[in-house]
Amino acid sequence: MRVIAAIALLALVPLAGTRAAPAAQDPPGLYLVRPDLRLCPSPLCGGAWVRRVNRTETRCAGGASRRECYVASISGVAVPAQAGSLVRGRIVPAGIAGFPELGRLAATSAWRAASPGTPAGTVYRVADNGARCVTHPCFALAAVVAGTSRRVTLSGIDLSATGTPPALERRIRALLARGGLYLAGTIRVVPDEGPAGDGRTLVATAFWLPA
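Note that residues are indexed from 1 along each chain, following the sequence as it is written. Reporting in this predicted model follows two pLDDT cut-offs: at least 70 for local features of residues, and 80 or more for side-chain atom pairs to be given and counted; totals over whole chains, interfaces and linings ignore these cut-offs and use all residues. Calculated side-chain values reflect all of the structure's heavy atoms, with hydrogen atoms and water omitted.

Please clarify how the state of the cysteines should be interpreted in this entry.
A covalent bond between the sulfur atoms of two cysteines is referred to as a disulfide. Defined by distance alone, a disulfide is two cysteine sulfur atoms within 2.5 Å. For the structure shown, the criterion picks out three disulfides. A disulfide bridge connects Cys 40 with Cys 45, and the sulfur atoms are separated by 1.6 Å. Its S-S torsion of about 95° marks the bond between Cys 40 and Cys 45 as right-handed, since a negative value means left-handed. Classification of residues uses two cut-offs on accessible area relative to the type maximum, computed with a 1.4 Å probe and protein chains only: under 20% is buried, over 50% is exposed, and between them is partly exposed. Since its relative accessible area comes to 35%, Cys 40 is described here as partly exposed. Each sulfur of the disulfide joining Cys 60 and Cys 69 lies 2.0 Å from the other. For the disulfide bridge between Cys 60 and Cys 69, the dihedral angle about the S-S bond is near -85°, and by the sign convention the bridge is left-handed.

Looking at this model, I keep getting lost on the packing of aromatic side chains. Mind explaining?
Centre distance and the angle of the planes are the two values used to describe a pair of aromatic rings. Pairing of aromatic rings covers Phe, Tyr and Trp, the last through its six-membered ring, and needs centres within 6.5 Å; plane angles under 30 degrees mean stacked, over 60 mean edge-to-face, and all others mean tilted. Going through the model one piece at a time under the given rule, you end up with two aromatic pairs. As a reminder, the over-ring test applies to NZ of lysine and CZ of arginine, requiring each to be within 6 Å of the ring centre and within 35 degrees of the ring normal. Seen from the ring of Tyr 31, Arg 52 lies directly overhead, with NZ or CZ sitting 5.4 Å from the centre. Here Arg 125 stacks its cationic end above the ring of Tyr 182, 4.7 Å away from the centre of that ring.

What is the right way to read helix 2 (residues 166-177) from this model?
The periodicity of an α-helix, 3.6 residues per turn, causes residues three or four positions apart to be oriented the same way. By the criteria applied, helices consist of DSSP H or I runs no shorter than four residues and strands consist of E runs no shorter than two, each listed in order from the N terminus. For a helix, the expected span equals 1.5 Å multiplied by the number of residues minus one. The end-to-end C-alpha separation of helix 2 is 17 Å, in line with the 16 Å expected for 12 residues at 1.5 Å each. Taken together, the buried positions of helix 2 are Leu 168, Ile 172, Leu 175 and Leu 176. The buried residues of helix 2 all sit within an arc of 100° when viewed along its axis, so they share a single face. Structural note: helix 2 exposes Pro 166, Arg 170 and Ala 177 on the side pointing more than 90 degrees away from its buried face. The directions from the helix axis to the C-beta atoms are what the arc is built from.

Would you mind going over the layout of surface pockets with me for this structure?
The rolling of a water-molecule-sized probe over the atoms marks out the regions of remaining empty space. There is about 280 Å³ of room inside the largest pocket. If you go around the largest pocket, you meet 18 residues; those closest to its centre are Arg 34, Ala 83, Gly 84, Thr 118 and Pro 119. Of all the elements in the fold, those that place two or more residues in the lining of the largest pocket are strand 1 (29-35), strand 2 (48-52) and strand 13 (197-210). Under the convention adopted here, Pro, Cys and the residues Ala, Val, Leu, Ile, Met, Phe, Trp and Tyr are nonpolar, Asp, Glu, Lys and Arg are charged, and Gly plus all remaining residues are polar. When grouped by side-chain class, the residues that make up the lining of the largest pocket number 10 nonpolar, four polar and four charged. A pocket here means an open set of points on a 1 Å grid, computed over the protein atoms alone, that has protein on both sides within 12 Å along at least five of seven lines. A cavity is instead a set of points where a 1.4 Å probe fits but cannot get out; residues with an atom within 4 Å of a point line either one. Grid points are joined across faces, edges and corners, and a volume is the space filled by probe spheres set on the points. Put simply, the second largest pocket is a space of about 180 Å³. Together, Trp 49, Cys 60, Ala 61, Gly 62, Gly 63, Ala 64, Arg 66, Glu 68, Cys 69, Tyr 70, Glu 101 and Leu 102 line the second largest pocket. Grouping the constituent residues of the lining of the second largest pocket by class yields seven nonpolar, two polar and three charged.

Mind showing me how you'd approach the pairing of strand 9 (residues 141-145) here?
Side chains on a regular strand alternate between the two faces of the sheet. Among the five residues in strand 9, five count as buried, and that is most of the element. Burial along strand 9 is two-sided: the residues Leu 141, Ala 143 and Val 145 and Ala 142 and Val 144 are all buried. Pairing geometry for strand 8 (residues 122-128) and strand 9, over five bridges, is antiparallel. Within the sheet, the bridge partner assigned to Tyr 124 lies in strand 9 and is Val 145. When DSSP finds two or more bridges between a pair of strands, those strands are recorded as paired.

How do you make sense of the side chain of Ser 85 when you look at a structure like this?
Looking at the element boundaries, Ser 85 is found in strand 6 (residues 85-93). Its relative accessible area of 0% is what places Ser 85 among the buried residues. Engagement of the side chain of Ser 85 in a polar contact is seen with the backbone oxygen of Gln 82, the distance being 3.3 Å. Note on contacts: a residue pair is in contact if any heavy atoms of the two residues lie within 4.5 Å. Setting aside anything within four residues of it in sequence, one finds Ser 85 in contact with Tyr 31, Leu 32, Val 33, Val 79, Pro 80, Trp 111, Ala 113 and Trp 208. We define a polar contact as two N or O atoms separated by no more than 3.5 Å, with the added condition that, inside protein, one atom must be a possible hydrogen donor and the other a possible acceptor, whereas residues neighbouring each other in sequence contribute only through side-chain atom pairs.

Explain the nonpolar core here, please?
Nonpolar side chains tend toward joint burial in soluble globular proteins. Core analysis: the largest hydrophobic core is formed by 19 residues, its most contacted members being Val 126, Leu 183 and Phe 207. Not counting residues up to four positions away in its chain, the partners in contact with Leu 183 are Thr 122, Val 123, Tyr 124, Val 126, Ile 157, Leu 159, Leu 202, Ala 204, Ala 206, Phe 207 and Trp 208. In these notes, a set of buried Ala, Val, Leu, Ile, Met, Phe, Trp, Tyr and Cys residues joined through side-chain atoms within 4.5 Å is what counts as a nonpolar core.

How should I be thinking about unusual backbone geometry in this particular structure?
Pro 43 follows Ser 42 through a cis peptide bond whose omega is 10°. Summarising the element assignment, Pro 43 is placed in the loop between strand 1 and strand 2. His 136 connects to Pro 137 through a cis peptide bond whose omega is 0°. Within the secondary structure, Pro 137 sits in the loop between strand 8 and strand 9.

Take a look at the structure:
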């Protein structure tokens, strides 16, 4: 045990001329974004607050985990200047001289919040799975929990709580057939939805459309 302890202690002492290892970073993922409206000098204010969807904590640029992280900027794609935008990317060091603790969100794609409500529940990527049925309920939708491999089939989506007009509902159906879209909400079992038994509906609180 003394030898093991000595080796462990030696490992904690950096060698002369070496640099400390960079803080661990999260892999690319989905973030909810809201503009930072505080009034103070840039770059300490004026960026954005971001948090990973379907997680209770987000790893910030300095390595600390918090509910949400401040980033001095978002690069890579244009992000709508509204609260609730959804962005795929990764938090990396901002590279601003004199502010080594600040990060930026290096983004690869973005979606705008298309419903007025605050997202609540789990964020899913939902798409038509190609199933065609002769009875109901028909589980023709595949819902994947964003950021994971967990999936469930659905027999329907309930958009009533989002205040979505009928014209936009038609666009949503088209997007489901062309690869899917992101929705937040809760899955509810619908007893005796049809001759085939119970159904499963995603009761949506919010959804996003391509920016």
